[in-house]
Amino acid sequence: MNRNHEAGHTPVHSEMERCVLCWRETDIPKDTPVSRRKYYLEGQGQLCAKCYYELYGAGVFRYTQDTE
Ligand SMILES: [Zn+2]
């Protein structure tokens, strides 16, 4: 008998993260490890490229480069 039941094979349409600033959907799937995400701000959340570069341009990301 052929079971017409596709159990366990649901097409996983992974949800995308939303930008924490403008709430637009990014192209980062929610199951992406944080370490592999682009435009992810630690302590803040996921940003879209636009907001990321806006913040970047505004000098928000002040990673200390002179640690010596
Ligand atoms: Zn945004």
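Predicted, not measured: the structure shown is a model, and the values here were computed from it.

## Let's talk about the side chain of Gln46
Here is step 1: By the secondary structure assignment, Gln46 is in strand 4 (residues 45-46).
Here is step 2: We classify Gln46 as buried; its relative accessible area is 2%.
Here is step 3: Among the polar contacts made by the side chain of Gln46, one reaches the main-chain carbonyl oxygen of Tyr39 at a distance of 3.2 Å.
Here is step 4: Setting aside its immediate chain neighbours within four residues, Gln46 contacts Glu17, Arg18, Cys19, Val20, Thr26, Ile28, Arg37, Lys38, Tyr39 and Tyr40.

## Brief notes about the coordination of the zinc ion
Here is step 1: Taken together, Cys19 (SG), Cys22 (SG), Cys48 (SG) and Cys51 (SG) make up the protein donors of the zinc ion, found 2.3 Å from the metal.
Here is step 2: For the zinc ion, the 4 donor atoms in the first shell make angles of 106 to 114° at the metal, a pattern classed as tetrahedral.
Here is step 3: The sequence pattern describing where the donors of the zinc ion fall on their chain is C-x2-C-x25-C-x2-C.
Here is step 4: Since its relative accessible area comes to 0%, Cys19 is described here as buried.
Here is step 5: Looking at Cys22, the relative accessible area reads 32%, which means it is partly exposed.

## Details of the pattern of salt bridges
Here is step 1: Under the criterion given, the structure shown has 4 salt bridges.
Here is step 2: A salt bridge links Lys30 to Glu15, with the nearest nitrogen and oxygen atoms 3.5 Å apart. With a gap of 15 residues between them, Lys30 in the loop between strand 2 (25-29) and strand 3 (40-41) and Glu15 in the segment before strand 1 (16-18) connect regions that are remote in the sequence.
Here is step 3: Judged by its relative accessible area of 42%, Lys30 is partly exposed.
Here is step 4: Take Glu15: its relative accessible area is 54%, and that puts it in the exposed class.
Here is step 5: Lys50 is the partner of Glu54 in a salt bridge, and the nearest nitrogen-oxygen pair spans 3.2 Å. Of this pair, Glu54 and Lys50 both sit in helix 1 (residues 49-57), 4 residues apart, which is roughly one turn of the helix.
Here is step 6: Using a relative accessible area of 48% as the deciding quantity, one classes Glu54 as partly exposed.

## What to know about the pairing of strand 2
Here is step 1: Side chains of strand 2 alternate between two faces, with Thr26 and Ile28 buried and Glu25, Asp27 and Pro29 left unburied.
Here is step 2: Here strand 1 runs beside strand 2; their pairing, made up of 2 bridges, is antiparallel. Each residue of the ladder has a partner; that of Arg18, found in strand 2, is Glu25.
Here is step 3: Connecting the antiparallel pair strand 1 and strand 2 is a turn made up of 6 residues, with Trp23 showing a positive phi of about 65°.

Conventions and cut-offs
Residues numbered from 1 in each chain as written. Predicted model: local features only at pLDDT ≥ 70, side-chain atom pairs only at ≥ 80, totals over all residues. Heavy atoms only, no water. Helix = DSSP H or I, 4+ residues; strand = E, 2+ residues; numbered from the N terminus. Buried < 20%, exposed > 50% of the residue type's maximum accessible area, 1.4 Å probe, protein only. Polar contact = N/O pair within 3.5 Å; in protein donor to acceptor, adjacent residues only side chain to side chain. Contact = heavy atoms within 4.5 Å. Donors = N, O, S within 2.8 Å, 3.2 Å for Na, K, Ca; no water. Tetrahedral: all angles 85-135°; square planar, octahedral: opposite > 155°, others 65-115°. Salt bridge = Lys/Arg side-chain N within 4 Å of Asp/Glu carboxyl O. Pairing = 2+ DSSP bridges.

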